[in-house]
Amino acid sequence: MEEKLSFVVLGAFRDFRNFSVEEIQAWVSLKWLTREPIEVDKASRSTFIFYYKSGEDRDKLLALSTACYKGALVIFKRWIPNSSLRDHDFSWEPCGLKLRASLSI
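Residues numbered from 1 in each chain as written. Predicted model: local features only at pLDDT ≥ 70, side-chain atom pairs only at ≥ 80, totals over all residues. Heavy atoms only, no water.

A. Just the sheet that holds strand E3 (residues 47-51), in detail. Read from one edge of the open sheet, five strands run E2-E3-E1-E5-E4, paired in antiparallel fashion. Only two strands of the sheet have a single partner each, and these edge strands are strand E2 (39-42) and strand E4 (66-69). Neighbour to neighbour, the strand axes of the sheet diverge by 30° on average, direction disregarded. For strand E1 (residues 8-14) and strand E5 (residues 72-78), the ladder comprises six bridges, and the chain directions are antiparallel. In the sheet register, Arg14 faces E5, and the bridge partner there is Leu73. This element, helix H1 (residues 21-31), spans E1, E2, E3, E4 and E5 of the sheet and lies at about 155° to E2. Seen against the sheet, helix H2 (residues 55-64) touches E1, E4 and E5 and runs at an angle of roughly 125° to E5. (Pairing = 2+ DSSP bridges. Helix = DSSP H or I, 4+ residues; strand = E, 2+ residues; numbered from the N terminus. Axes fitted to C-alpha atoms, helices over the stretch in contact; angles between N-to-C directions. Contact = heavy atoms within 4.5 Å.)

B. A look at the pairing of E4. Here E4 pairs with E5 via four bridges, running antiparallel. By the bridge assignment for E5, Tyr69 is matched with Ala72. Taking the residues that link successive antiparallel strands as the turn, the E4-E5 hairpin has two residues, and the phi of Lys70 there is positive, at about 50°.

C. A look at the pairing of E3. Most of E3 sits out of view: five of its five residues are buried. Bridge count for E1 against E3 is five bridges, and the pairing is antiparallel. Across the sheet, residue Leu10 finds its bridge partner in E3, namely Ile49. Counted between consecutive antiparallel strands, the loop separating E2 from E3 contains four residues. (Buried < 20%, exposed > 50% of the residue type's maximum accessible area, 1.4 Å probe, protein only.)

D. Inspection of the environment of Val40 at higher detail. As for its position among the elements, Val40 is in strand E2. The exposure class assigned to Val40 is buried, which follows from its relative accessible area of 6%. Sequence separation of Val40 and Ser29 is eleven residues, and the distance between their C-alpha atoms is 9.6 Å. For Val40, the residues in contact, after removing those within four places along its chain, are Val21, Ile24, Gln25, Val28, Phe48, Ile49 and Phe50.

What follows is the structure in structure tokens.
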């Protein structure tokens, strides 16, 4: 168990939908490019736990800080050992948005 908790990331979904562990596990397994498989568990209605076997994989995800799944924003934070979910700040962080407009006459 100690090793399993070495590389943990929490992901909070900012969406009204209640995604299942199976759905998020399939997304991670099929779409994320990682060295080692990632195990997904659910901590609360909107927060998931991502267990990594590789610190390098974990650090790559944390560097992204956010992702989008089916239009839902996911905010990633490093898990703080011996803490509760309330100890983690998943508030909205500023992000850039680039819009391209085309005009045809």
